[in-house]
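# Survey of secondary and tertiary structure
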Amino acid sequence: MSRLTLLSLQLLVAVVAIVLWQVLSTVPVFGKILLPPFFFSNPVDVFSQIVKWFASGVIWKHLWITLWESILAFVIGSLGGVLVGFWFARQPVVAAVFDPYVKMVNALPRVVLAPIFALWLGLGIWSKVALGVTLVFFIVFFNVYQGVKEVSRTVLDNGRMLGMSEQQLMRNVYWPSALSWMFSSLHTSVGFAVVGAVVGEYLGSAAGLGYLIQQAEGVFDVAGVFAGMFVLSAFVLLIDMGVTMVERRLLVWRPTAADGRG
Amino acid sequence: MTMPTAVALEDTKVAFRLGDGRVYTAVEQAQLAVGQGEFVAIVGPTGCGKSTLLNVAAGLLKPAAGSVKVFDRPLAGLNKDAGYLFQADALFPWKTAVDNVAIGLEIRGTPRPEALARAQKWLTSVGLGAFAGRYPHMLSGGQRKRVALAQVLIRDPKILLMDEPFGPLDAQTRQVMGNLLLELWSADRKAVLFVTHDLEEAIALADRVVIMSAGPSSRIIGDWRVELARPRDIFEVRLDKEFHALHREIWSVLKDEVMKGYAQSTQAEAV
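How each quantity is defined
Within every chain, residues take consecutive numbers counted from 1 along the sequence as written. Lettering of chains starts at A and numbering of ligands starts at 1, both following the order in which they are written. The predicted nature of this model means local features are confined to residues of pLDDT at least 70 and side-chain atom pairs, given and counted, to a pLDDT of 80 or more, with totals for whole chains, interfaces and linings taken over all residues. Helix numbering and strand numbering both begin at the N terminus, where a helix is a DSSP run of H or I of at least 4 residues and a strand a DSSP run of E of at least 2. Computation of the radius of gyration draws on C-alpha atoms alone. For the globule rule, the value is 2.2 Å times the number of residues to the power 0.38. Burial in this document is a count-based property: other C-beta atoms within 10 Å of a residue's C-beta are tallied, and the residue is buried at 20 or more, exposed at 12 or fewer, or partly exposed in between, with C-beta positions derived from the backbone. By the criterion used throughout, residues are in contact when their C-beta atoms, derived from the backbone, lie within 7 Å. Helix span, expected: 1.5 Å multiplied by one less than the number of residues in the helix. Side-chain classes are defined by residue name, with Ala, Val, Leu, Ile, Met, Phe, Trp, Tyr, Cys and Pro counting as nonpolar, Asp, Glu, Lys and Arg as charged, and the others, Gly among them, as polar. Confidence scores per residue from the predictor, reported as pLDDT, run from 0 to 100. Here the axes come from fitting lines to C-alpha atoms, over the contacting stretch only for helices, and the angles between their N-to-C directions go from 0 to 180 degrees. Note on terminology: angles under 35 degrees are roughly parallel, angles over 145 are roughly antiparallel, angles of 65 to 115 are roughly perpendicular, and the others are oblique. If you view the pair so one helix is near and one far, a crossing is left-handed when the near helix is turned anticlockwise from the far one by less than a right angle, and right-handed when it is turned clockwise. A pair of strands is considered paired only if DSSP assigns at least 2 bridges between the two.

A count of helices and strands for chain A gives 12 helices and 0 strands. Ordered by position from N to C terminus, the α and β elements of chain A give α-α-α-α-α-α-α-α-α-α-α-α. Its C-alpha radius of gyration of 23 Å places chain A more than 25% over the 18 Å reference for a compact globule of 262 residues. Principal-axis analysis of the C-alpha atoms gives chain A an extent of 80 × 55 × 35 Å. Across the 262 residues of chain A, 33% fall into the buried class. In chain A, of all internal contacts separated by at least 6 residues, the share reaching a separation of at least 24 is 71%.

Here the focus is the overall build of chain B. Helix and strand counts for chain B come out as 8 helices and 10 strands. Considering only C-alpha atoms, chain B reaches an extent of 50 × 50 × 45 Å along its principal axes. Burial statistics for chain B: of 271 residues in total, 41% are counted as buried. In chain B, once contacts between residues fewer than 6 apart in sequence are set aside, the share between residues at least 24 apart is 70%.

Attention now goes to helix α3 (residues 43-56) of chain A. In a regular helix each residue adds 1.5 Å, so 14 residues correspond to 20 Å; α3(A) covers 20 Å between its end C-alpha atoms and thus fits that length. Among the residues trailing α3(A), Gly57(A) stands out with phi positive, at a value near 85°.

On the side of chain B, 19 residues touch chain A, which itself brings 16 residues to the contact. Only α8 (153-161) and α9 (166-184) of chain A provide two or more residues apiece to the side of chain A that touches chain B. A per-element tally of the side of chain A that touches chain B places α8(A) first, with 6 residues. Taken together, the residues that form the side of chain A that touches chain B break down as 8 nonpolar, 6 polar and 2 charged.

Residue and element names in this part refer to chain A. Across chain A, the average pLDDT comes to 89, with 97% of residues at 70 or higher. Per-element confidence in chain A is highest for helix α1 (residues 3-26), whose mean pLDDT is 93, and lowest for helix α2 (residues 37-40), whose mean pLDDT is 86. Residue range residues 257-262 is modelled with pLDDT below 50. Its contacts to residues more than four positions away, or to other chains, number 8 contacts.

This part covers the packing of helix α10 (residues 186-203) of chain A against helix α11 (residues 209-218) of chain A. Residues and elements named next belong to chain A. Following both chains from N to C, one finds α10 and α11 inclined at 40°, their axes separated by 7 Å at the closest point. Considering their axes alone, α10 and α11 lie oblique with respect to each other. Along this stretch, α10 crosses α11, giving a crossing that reads as right-handed. Each of Val 198, Val 199, Gly 200, Glu 201 and Tyr 202 in α10 lies in contact with α11, whose residues at this interface are Leu 209, Gly 210, Tyr 211, Ile 213 and Gln 214.

A few words now on the sheet that holds strand β5 (residues 73-74) of chain B. Residue and element names in this part refer to chain B. On the basis of which strands lie adjacent, the open sheet formed by 10 strands has the order β5-β4-β1-β2-β10-β9-β3-β8-β7-β6 and mixed pairing. Of all the strands in the sheet, the pair left with one neighbour each is β5 and β6 (82-85). Of the pairings in the sheet, the one linking strand β9 (residues 208-212) to strand β10 (residues 218-225) comprises 5 bridges and is antiparallel in character. Across the sheet, Arg 208 pairs through a bridge with Arg 225, a residue of β10. Those strands touched by helix α1 (residues 50-58) are β1 (5-17), β2 (23-35), β3 (39-43), β4 (65-70), β6, β7 (159-163), β8 (191-196) and β9, and its axis lies near 120° from that of β1.

Bringing the pairing of β3(B) into the picture now. All names here are of chain B. In terms of residue burial, β3 counts as a mostly covered element, since 5 of its 5 residues are buried. Bridge count between β3 and β8: 5 bridges; the pairing is parallel. Across the sheet, residue Ala 41 finds its bridge partner in β8, namely Phe 194. Relative to β9, β3 runs parallel, the two sharing 4 bridges.

All names here are of chain B. When β1 meets β4, the two strands line up antiparallel, connected through 5 bridges. Considered in β4, the bridge of Lys 13 is made with Ala 65. Where β4 and β5 come together, 2 bridges link them in antiparallel fashion. Bridged to Lys 69 within β5 is Pro 74. Between β4 and β5, which pair antiparallel one after the other, the connecting turn spans 2 residues, and Phe 71 there sits at a positive phi close to 50°.

Following the sequence through the fold, Ile139(A) ends up in helix α7 (residues 125-149). With residues near it in sequence (within four places) discarded, Ile139(A) still touches Ser185(A), Thr188(A), Ser189(A) and Phe192(A).

Once that is clear, we can look at unusual backbone geometry. Look at the link from Arg230(B) to Pro231(B): it is a cis peptide, with omega at -5°. Along the chain, the position of Pro231(B) falls in the loop between β10 and α7 (234-237). Unusually for a residue other than glycine, Phe30(A) sits at a positive phi of about 50°. Phe30(A) sits in the exposed class, given 5 other C-beta atoms within 10 Å.

Attention now moves to α8(A). Among the residues making up α8(A), those that are buried are Val155(A), Asn158(A), Gly159(A), Arg160(A) and Met161(A). Following α8(A) by one or two positions, Gly163(A) has its phi on the positive side, about 100°.

With that settled, the discussion passes to the packing of helix α2 (residues 97-106) of chain B against helix α4 (residues 141-153) of chain B. All names here are of chain B. Relative to each other, α2 and α4 sit at 25°, their axes nearing to 7 Å. By the angle class used here, α2 and α4 are roughly parallel. Considering the relative orientation of α2 and α4, their crossing is right-handed. Between α2 and α4, the residues in contact are Ala 97, Asn 100, Val 101 and Gly 104 and Val 147, Ala 150 and Gln 151, respectively. Grouping the constituent residues of the contact of α2 with α4 by class yields 4 nonpolar, 3 polar and no charged.

Structure, rendered in structure tokens:
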């Protein structure tokens, strides 16, 4: 299938869905409207809400806050994940001691932590960043841990025979291997950074996309909820495209980088 | 002809402790000396511990008994005089071909521009001058072996340890690589310990062929001098009458061991 056909088919799906939504929510079928506007709104209202947000400029502030929270959550979570992952992989005793606790914390649904973070860190951005960090940290941590543990025995022996000291092995073998594992989970960890930010905002904040959706929901403004969701999806798509570009550059040496997620 | 010894295994025994506490003796006893400038090939059936012996010579494994001497000094830790060519892919996948070759110099403190220039020269001499910027996954199996060869040789090790280096390659590529190896080796004649299961390859390349018995608890059971003239061409030398005579002689000993090794490996699978 050519790119053009694919693209037009993809567009067709969106058009059909939107037209169906519009028709079913405005035109009665056998004297009954199948999608009552109170619960389902309609595409025209949703779209005009989005336009209103962008025209008045209120949306930028919220987008900016969510983006900033996501970035902070990603950076802090990744940094922590890399450091702890490295530490645990190089110190099996430490890893064994902490193992049950790591599993315990990771098994916890992060949403229940949100109120705690709100109490500790207030309603500003840091409680949202903390929530994102708890999500990002574990993904990066597990990947780096694997990456360091599963360095090929032969490559390691080769490094030793070429005369590398422990420190040089660290720089030339363990580190690139761990990073490659971390980058391979880049899409997931960036996605979770956004999830953490939005869920945190939804549960209690004064700004951000999650706040916007929560506010609309509070006054039964279904068009506002849908509008918020659409803006959020577009936002995540854009970030994901950025990640793909970064990934292409960083993982050129990997056979799968070229045909990875697009 | 007495040559100073480059690497010597003296009554070396290699054993491993298995998961269930039993001790598995891979090599019962091995006595082997490789002279300076000498090319020695170790041939043996699958599972006879020939790679294990090479790891002992490299210092990657400690012998259970006996000792290793490098230039008449007991080996402690890794064998710093040796370059090791592995059977499996051992290149750093995140480095380009030229970086893979240069790394051996860089970790020694050679400035990067100089290391890169010399790496480029080495890549050219293994026939890959135009592939410097490629990552290992973009190279064929044979090309990766060439890069690995350059990676080892750029450090100018006095001893070359090779563990079935051309094992994964197809028959033609193996012969081409064999010729390349001989050509590079003849320039400065390093001591070579070359492990293979291919008797023809061993005779074609080496000055001496050493045969090991089937494992476990294997030992060295034969040592033949190969008097074929150098420089050799691997394609040509196989047609030589002397080559055939020697092959027949060694094979008569090796054959029984190969059958024993095969029987053992099938038994082990049945258990």
